Amino acid sequence: MSDADTLKIAAAGRALELVMPGMKLGLGSGSTSAAFVELLGERVRGGLKVICTATSEAIHEQARGLGIALAPLEELAPLDLAVDGADEADADLNLIKGGGGAHTREKIVAASAKKFVVIADGSKWVDRLGRFPLPVEAVPFAHQTTRARLQAAATALGYGKIPMTMRMKGAAPFVTDNGNLIYDCRFGAITDCAKLAAALSQVTGVVEHGLFVGMANRLILARVGGIEVIEPRTPPRH
Ligand code: 5RP
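Counting restarts for each chain, with residues numbered from 1 along the sequence as it is written. Local features are withheld for residues below a pLDDT of 70 in this predicted model, meaning they are given only at 70 or higher, and side-chain atom pairs are given and counted only at 80 or more; totals for whole chains, interfaces and linings count all residues. Excluding hydrogens and water, the side-chain values take into account all heavy atoms of the structure.

Colleague: Can you help me understand the environment of K124 in this one?
Modeller: Where helices and strands are cited, they refer to DSSP runs of H or I of at least four residues and of E of at least two residues respectively, numbered from the N terminus. Secondary-structure assignment places K124 in the loop between β6 (116-121) and β7 (134-138). The sequence separation of K124 and L150 amounts to 26 residues, and the corresponding C-alpha distance is 25 Å. Contacts are assigned to residue pairs that have any heavy atoms within 4.5 Å of one another. Once you skip the residues sitting within four places of it in the chain, K124 turns out to touch A86, D87, E88 and A89. In protein, a polar contact requires one atom able to donate a hydrogen and another able to accept it; more generally it is a pair of N or O atoms within 3.5 Å, and residues adjacent in sequence count only if both atoms are side-chain atoms. Engagement of the side chain of K124 in a polar contact is seen with the backbone oxygen of A86, the distance being 2.9 Å.

And the structure:
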């Protein structure tokens, strides 16, 4: 097991301490969330009663295989707690998510939870978001025109011409669980997360982008020296 895997399990284990019997939980996607689901499965095998909803088909399958009770979000909302990973997090707990292409469902689940807790190893901590390319989910119809509108939005905000790549899976475009495409957009250092998030949400053809602004209640960050629990300077909106 790599050092990063050990740290992901440590962060997941700390988040598990927040889970109480009877809770309705949102399960994030990605490898850190998978570590959380694995640990949750052990607790469920030990008799813990919770009911969960998943942010991706992959995590749904993992949870189902572990005997975790699952239901659609519509039946469970509001959730008591959603736990998810991140590709980047800053001191305000603004996040870049979507490295696994699941950010649309992740955002819906996080927005439907009373508490949204992010779990990550130390490599995800940044002074400023933007090193990781920002995933933007777009409907397939005439997606090149959406790409052009994305570029126009970037230019209008002063980011200039940004490298934008349609995500691939082998030789074919990567398709999300929602049947859409992903454009990975390299804005570079993001100067105003809220402003960029608002602008991207306005782009016709965009389903959802991976900027999570003012959503996280807590970040559990596992580093080699120990676990740090970080809360945002400004409380989240939900
Ligand atoms: C998937 C996500 C993941 O939470 C993010 O990519 C982090 O993944 P990992 O835990 O594997 O580093 O947003 O869409």
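Having seen the model, we can carry on.
Colleague: Explain the pattern of salt bridges to me, please; I cannot follow it from the model alone.
Modeller: Side chains that differ in sign of charge can pair as their charged atoms come close. In what follows, salt bridge is the name for a side-chain nitrogen of Lys or Arg lying within 4 Å of a carboxyl oxygen of Asp or Glu. What the rule picks out here adds up to 9 salt bridges. Linking E61 and R64 is a salt bridge whose minimum nitrogen-to-oxygen distance equals 2.7 Å. Of the two residues, E61 and R64 are both situated in helix α3 (residues 57-65); the distance of 3 residues between them amounts to about one turn of the helix. Of the charged contacts, one joins K107 and E208 as a salt bridge, the two residues approaching to 2.9 Å between their closest N and O atoms.

Colleague: Sorry if this is basic, but what is going on with the environment of T104 here?
Modeller: By the element assignment, T104 lies in helix α5 (residues 103-111). The residues contacting T104, other than those within four sequence positions of it, are E137, N178, V207 and E208. Within polar-contact distance, the side chain of T104 engages the side chain of E137 at 2.5 Å.

Colleague: Just to check I follow, could you spell out the sheet that holds strand β15 (residues 226-230) for this structure?
Modeller: Neighbouring strands of a sheet are bound in pairs by backbone hydrogen bonds; such pairs are parallel or else antiparallel. Pairing is mixed across the open sheet formed by 6 strands, whose spatial order is β2-β1-β3-β6-β14-β15. In the strand order of this sheet, the two ends are held by β2 (51-54) and β15, each with one partner. Neighbour-to-neighbour, the strand axes of the sheet open up by a mean angle of 20°, direction not taken into account. Strand pairing is assigned whenever DSSP detects at least two bridges linking the two strands. Bridge analysis of strand β3 (residues 81-84) against β6 gives 3 bridges, and the strand direction is parallel. Each bridged residue has a counterpart across the sheet, and for V83 the counterpart in β6 is V117. In this analysis an axis means a line fitted to C-alpha atoms, helices contributing only their contacting stretch, and an angle means the value between N-to-C directions, from 0 to 180 degrees. The strands that α5 touches are β1 (24-27), β2, β3 and β6; relative to β3, the one it contacts most, it runs at about 150°.

Colleague: Would you mind going over the packing of aromatic side chains with me for this structure?
Modeller: The geometry of two aromatic rings is summed up by the distance between their centres and the angle between their planes. In summary, the pairing rule links any two rings of Phe, Tyr or Trp, Trp by its six-membered ring, whose centres are within 6.5 Å, and it sorts them by plane angle into stacked for under 30 degrees, edge-to-face for over 60 and tilted for everything else. Evaluation of the coordinates by the stated rule reveals 2 aromatic pairs. Between F116 and F212, the aromatic rings sit 6.3 Å apart at their centres with planes inclined by 40°, giving tilted as the arrangement. Residue F116 is located in strand β6, and its partner F212 is located in strand β13 (residues 211-212); the two are separated by 96 residues in the primary sequence. Judged by relative accessible area, which is 1%, F116 ranks as buried. Plain terms: the ring middles of Y159 and F187 are 5.3 Å apart, the flat faces sit at 80° to each other, and that makes the pair edge-to-face. Here F187 lies in the loop between β11 (181-185) and α7 (193-201) and Y159 lies in the loop between α6 (143-156) and β8 (164-166), a separation of 28 residues in the sequence. Burial here depends on accessible area, computed with a 1.4 Å probe over protein chains only, as a share of the maximum for the residue type. Under 20% is buried, over 50% is exposed, and the range in between is partly exposed.

Colleague: Would you explain the site of the ligand in this entry?
Modeller: Around the ligand sit 17 residues in total, of which S31, T32, D87, G98 and K124 are the nearest. S29 is positioned with one of its backbone polar atoms (N or O) 3.0 Å from an oxygen atom of the ligand. Separating an oxygen atom of the ligand from a side-chain N or O atom of T32 is a distance of 2.5 Å. If you list the elements that add at least two residues to the shell around the ligand, you get α2 (31-45) and α5. Throughout this document, a residue counts as near a molecule or strand when at least one of its heavy atoms sits within 4 Å of that molecule or strand.

Colleague: Can you walk me through the pairing of β2 in this structure?
Modeller: Regular strands have side chains that alternate between both faces of the sheet. Of the pairings in the sheet, the one linking β1 to β2 comprises 4 bridges and is parallel in character. What sits directly across from L27, in β2, is A54. With α2 bridging β1 and its parallel neighbour β2, the resulting β-α-β unit is right-handed. Handedness is read with the strands pointing away from the viewer; a crossover is right-handed when the path from the first strand over the helix to the second is clockwise.

Colleague: How do you make sense of the sheet that holds strand β5 (residues 95-96) when you look at a structure like this?
Modeller: The strand order β4-β5-β13 describes an open sheet built from 3 strands, whose pairing is antiparallel. Both edges of this open sheet fall to β4 (88-89) and β13, since each of them pairs with a single strand only.

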